[in-house]
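# Coordinate analysis (summary)
Spelled out, the chains give:
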Amino acid sequence: MNNYDVIIIGGGLTGSVLSYELAKKNLRVLLLEKDSIFNNATVYSYGGISYWCGTDETTIKLCQEGINIYRNLTKELDYNIDFRELDLLFTIDKNQDPESTFQQYQKFHIAPKLLDKKETNSLEPLINIDAISGSLRFPQGHVHPEKMIFAYQKALMRLGGKVKQELVISVEKNQDKIIGVKTEKNSYSASQIILCAGAFSRSILQNLGINLPLYFSHAQLIMTPPAPVKLKTLVMPCTMKRLDTEKKVAQSAEKIWQKESNTLYGDVLEAGAIQFLDGSFCLGQISQIIPNLNSPIDSVISEKRLRDAIASILPSLANLSGKWHNCQVAFTEGMPFLVGKIGQIEGLSIFSGFTSPFVFVPPLARYFADYLVNGEETLISFNL
Ligand SMILES: Cc1cc2nc3c(=O)[nH]c(=O)nc-3n(C[C@H](O)[C@H](O)[C@H](O)COP(=O)(O)OP(=O)(O)OC[C@H]3O[C@@H](n4cnc5c(N)ncnc54)[C@H](O)[C@@H]3O)c2cc1C
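Residues numbered from 1 in each chain as written. Predicted model: local features only at pLDDT ≥ 70, side-chain atom pairs only at ≥ 80, totals over all residues. Heavy atoms only, no water.

### Quick notes on the sheet that holds strand β10 (residues 168-174)
The criterion, for reference: A pair of strands counts as paired when DSSP detects no fewer than two bridges linking them. A run of DSSP states H or I qualifies as a helix once it reaches four residues; a run of E qualifies as a strand once it reaches two. Both are numbered from the N-terminal end. Simply put, an axis is a line fit to the C-alpha atoms, just over the touching stretch for a helix, and the angle between two N-to-C directions goes from 0 to 180 degrees.
Judged by pairing direction, the sheet is antiparallel, and its three strands sit side by side in the order β10-β11-β12 without closing on themselves. Each edge of the open sheet carries a strand with a single partner, namely β10 and β12 (187-189). Geometrically, the sheet is characterised by an average inter-axis angle of 25° between neighbouring strands, direction not taken into account. Summarising the sheet, strand β11 (residues 177-183) and β12 pair through three bridges and their orientation is antiparallel.

### What to know about unusual backbone geometry
Glycine aside, negative phi is the norm for most residues, and most peptide bonds take the trans geometry. Rule in force here: Accessibility here uses a 1.4 Å probe with only protein chains present; expressed as a share of the type maximum, an area under 20% marks a residue as buried, one over 50% as exposed, and anything in between as partly exposed.
The peptide bond linking Gly 284 to Gln 285 adopts the cis configuration, its omega dihedral lying at -20°. Residue position: Gln 285 is located in strand β17 (residues 281-289). Positive phi, close to 60°, is recorded for Asp 82, a residue that is not glycine. Despite not being glycine, Ser 356 shows a phi value in the positive range, around 55°. With relative accessibility at 22%, the residue Ser 356 sits in the partly exposed group.

### Thoughts on the side chain of Ser 261
Counted only if it meets this: Two N or O atoms count as a polar contact when they lie within 3.5 Å, although within protein this holds only if one can serve as hydrogen donor and the other as acceptor, and sequence-adjacent residues are included solely when both atoms are side-chain atoms. When checking whether two residues touch, look at their non-hydrogen atoms; a contact exists if any pair is within 4.5 Å.
Looking at where Ser 261 falls in the secondary structure, it is placed in the loop between α9 (253-256) and β16 (266-275). In terms of polar contacts, Ser 261 uses its side chain to reach the side chain of Thr 263, at 3.1 Å. Setting aside residues up to four positions removed in sequence, Ser 261 forms contacts with Ile 290, Pro 291 and Asn 292.

### Observations regarding the domain arrangement of the chain
Worth spelling out the cut-off: Annotation comment: domain bounds sourced from an automatic or database domain assignment. Buried area: the accessible surface (1.4 Å probe) lost by two parts on joining, summed over both. Each reported salt bridge corresponds to a side-chain nitrogen of Lys or Arg within 4 Å of a carboxyl oxygen of Asp or Glu.
Assigned domains of the chain: these are domain 1 (6-82 + 144-213 + 335-374) and domain 2 (87-139 + 214-332). Using only C-alpha atoms to locate each centre, domain 1 and domain 2 end up separated by 25 Å. The interface is formed by 35 residues belonging to domain 1 together with 34 residues belonging to domain 2. It is Tyr 44, Tyr 46 and Trp 52 in domain 1 that bury the most area against domain 2; as a group they hold 34% of the surface buried on that side. Across the contact surface, domain 1 and domain 2 share zero salt bridges. Joining domain 1 to domain 2, the criterion identifies nine residue pairs in polar contact (both at pLDDT 80 or more). If you list the elements that add at least two residues to the side of domain 1 that touches domain 2, you get α2 (57-71), α7 (201-207) and β20 (348-352). In terms of residue count, α7 provides more of the side of domain 1 that touches domain 2 than any other element does, four residues in total.

### Brief notes about the site of the ligand
Where we set the bar: Throughout this document, a residue counts as near a molecule or strand when at least one of its heavy atoms sits within 4 Å of that molecule or strand. In short, Shrake-Rupley with a 1.4 Å probe defines the accessible areas, and a residue's cover is counted only from the protein chains shown. All amino acids are sorted into three groups, where Ala, Val, Leu, Ile, Met, Phe, Trp, Tyr, Cys and Pro are nonpolar, Asp, Glu, Lys and Arg are charged, and the leftover types, Gly among them, are polar.
Around the ligand, a shell composed of 33 residues is seen, among which Thr 14, Glu 33, Thr 42, Gly 48 and Phe 358 lie nearest. Side-chain polar atom of Thr 14 to an oxygen atom of the ligand: 2.7 Å apart, as the coordinates give it. Within the backbone of Lys 34, a nitrogen or oxygen atom sits 3.1 Å from a nitrogen atom of the ligand. Here the ligand has 1,000 Å² of accessible area as a free molecule, and 93% of this is covered by the chains. Grouping the constituent residues of the shell around the ligand by class yields 17 nonpolar, 12 polar and four charged. Both of domain 1 (6-82 + 144-213 + 335-374) and domain 2 (87-139 + 214-332) provide at least three residues apiece to the shell around the ligand.

### A closer look at the environment of Asp 35
With respect to the helices and strands, Asp 35 occurs in the loop between β2 (29-33) and β3 (48-49). Between the C-alpha atom of Asp 35 and that of Ser 349, which follows or precedes it by 314 residues, the distance is 22 Å. Polar contacts involving the side chain of Asp 35 include one to the side chain of Lys 34, which spans 3.2 Å.

### Focus: the pattern of salt bridges
Pairing of side chains with opposite charge becomes possible as their charged atoms draw close. Taken as a whole and assessed by the stated rule, the structure comprises 16 salt bridges. A salt bridge links Asp 35 to Lys 34; the nearest nitrogen and oxygen atoms lie 3.2 Å apart. The exposure class of Asp 35 is partly exposed, given its relative accessible area of 24%. Put simply, Glu 21, Lys 24, Glu 76 and Arg 366 are held in one network by salt bridges that share partners.

### Quick look at the packing of helix α1 (residues 13-24) against helix α11 (residues 357-374)
Axes are the key here: two packed helices are described by the angle between their axes and the distance separating the axes. Threshold: Crossing chirality is assigned from the near helix's rotation relative to the far helix, an anticlockwise turn below a right angle marking it left-handed and a clockwise turn marking it right-handed.
Contact geometry for α1 and α11: axes closest at 9 Å, N-to-C directions at 35°. The handedness of the crossing between α1 and α11 comes out as right-handed. Two secondary-structure elements touch here, α1 through Leu 13, Thr 14, Val 17, Leu 18, Glu 21, Leu 22 and Lys 24 and α11 through Pro 357, Phe 358, Val 361, Pro 362, Ala 365, Arg 366, Phe 368, Ala 369 and Leu 372. Residue composition of the contact of α1 with α11, grouped by class: 12 nonpolar, one polar and three charged.

### Focus: helix α8 (residues 241-251)
Short version of the rule: Directions pointing from the helix axis toward each C-beta atom define the arc.
Those residues of α8 that sit buried are Thr 245, Glu 246, Val 249 and Ala 250. Buried residues of α8 fall within an arc of 130° about the axis and therefore sit on the same side. Turned more than 90 degrees off the buried face of α8, the exposed positions are Lys 241, Lys 247, Lys 248 and Gln 251. Against the buried residues of α8 lie β14 (214-223), α9, β16, β17 and β18 (323-332).

### Let's talk about the UniProt feature "domain: FAD dependent oxidoreductase" (unreviewed entry) in the chain
Inclusion rule: UniProt positions are given in the numbering used here, feature names are shortened, and annotations may be inferred rather than shown by experiment.
The feature "domain: FAD dependent oxidoreductase" (unreviewed entry), as given by UniProt, occupies residues 5-370 in the numbering adopted here. Overall, residues 5-370 shows 30% helix and 30% strand. The separation of its end C-alpha atoms is 15 Å.

### Overview of the nonpolar core
Counted only if it meets this: Throughout this description, the term nonpolar core refers to a set of buried Ala, Val, Leu, Ile, Met, Phe, Trp, Tyr and Cys residues connected via side-chain atoms within 4.5 Å.
Membership of the largest hydrophobic core comes to 71 residues, with the highest contact counts inside it found for Ile 194, Phe 351 and Leu 364. In this structure, this core is formed jointly by two domains, domain 1 (6-82 + 144-213 + 335-374) and domain 2 (87-139 + 214-332), each of which donates at least three residues. In contact with Ile 194, not counting residues within four places along its chain, are Val 6, Ile 7, Ile 8, Ile 9, Leu 18, Leu 22, Ser 349, Ile 350, Phe 351, Phe 368 and Leu 372. In terms of nonpolar packing, the next biggest core, distinct from the first, is built from 27 residues, Ile 222, Val 235, Leu 314 and Trp 324 among them.

So this is what it looks like as C-alpha cells:
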C-alpha cells in the first residue's frame, strides 16, 4: 500500500512521538527515516527531561503534562525506556558569582537550589570543586534517548503504522496542495505531510520555496562504552551562552542563512556529562553555527577541546575511551518550538526546532495530533 493519511519525514524524537500520537487517532501513518541505524540528534543527546523550564502559562502546562506522560510511558509503550528522576547540576564557574547566577534562574517555574562547593561535592563527588564556585540543582527526569524512539516506533507499528527506511528526496504537490513524497525507492501519496527531519527540515523547506525561522547547529560529543566510574547527576555548565548565540544568529538570519557556507558564526563549548543506566556516558558538548549541513568538522581538534574541558570539571571522565560524533540540532527563534500548519501549502506541517524537546515533544504531539484530526486549538495557535 502506498497511500496514507499522513506521512512523517524523520524518525528522531519528534517524528517518532508524533507518528505514534497520530496512529492513536486511527490515522494511517507512514514514518520515513533515511538511516538504517539511529544516527541523529536524538541518540546523541543526554535525554534530560527539563520539566522545570516553563516560563509562561503554555510552557509551564507542557512541562507539567510532559513529566506526567513520562511517569507512565514505560507502561503505555510497553517497553522499558529507563525513565528515572535524576538531578540536573548546573556547575557555576569559579569566576562566576553564585548568588547573581542563582538570581538569573528565578524566571523558571521551578526554581533551582543553590549549592555551595561542599554541598556540590557531596551530591556529585566527581566534580572538581576547584573549578567551581557552587552549583544549581534542578529536579529533572531522564530517559534513554535511543530506547525512547525505539519504543515509540514499536508502539506505532503495533497500532498499524508503518516505518520505512527510505530517504525522502522530494515533497510532491499539485499546485498548492500536498499529494505525497518521493523517496529514492518509491512514491507515497498522502494529503498531509509533517516535517520532523530536525535540522534537515530546513533544506526541505528551501526546496519548496518556503522561508521559516528554522536553523541548526553542529553539535559534537563523545559516546563511551560502559565504564566503572559512577556519575550520580546530569552535569552541565551554568551558562546561557548557547541560547544567546542561537538567538543572535537567528536574528541575523538574512545575513547568515541565505546561502550555504562553511563560515563559523558561533562556537560554544559546554562541558557536561550524563551516565546512562548501562554505565555508558555521553560527554558533551560543542555547538557550532555553520550554515551548511555537510560542513566538515575536524574531529581531532573537536575531541581534544571536549576532553580538555571535561578534564577541568570532571577529571575522572576525561580519558574514558569513546567515540566522537557530530550531529545537527534544529532550533528556532522566539518560541521553544516551531510547530503548525504551513499556510502556503495545504497539507504541509512542521514539528521541529525544539529547545528542551524531551519535555515538550510528548505533550505537544498530543495537542498537535488533536488539532490535525479535530481542528481543535486548545493550547496555542498551530497556524504558521
Ligand atoms: C549533546 C546533546 C545533548 C542534548 N541533551 C538534551 C537533553 O538533555 N534534553 C533535551 O530535551 N534535548 C537535548 N538535546 C537536543 C535534542 O537531542 C534534539 O533537539 C532532538 O533530539 C531533536 O530531535 P528531532 O527529531 O528534531 O531531530 P533528529 O533526532 O535529528 O531526527 C531527525 C531525523 O530525520 C531524519 N531525516 C532527515 N532528513 C530526512 C529525509 N530527507 N528523509 C528521511 N529522513 C530524514 C534524520 O535521519 C533523523 O533521524 C541534546 C542534543 C545534543 C547534541
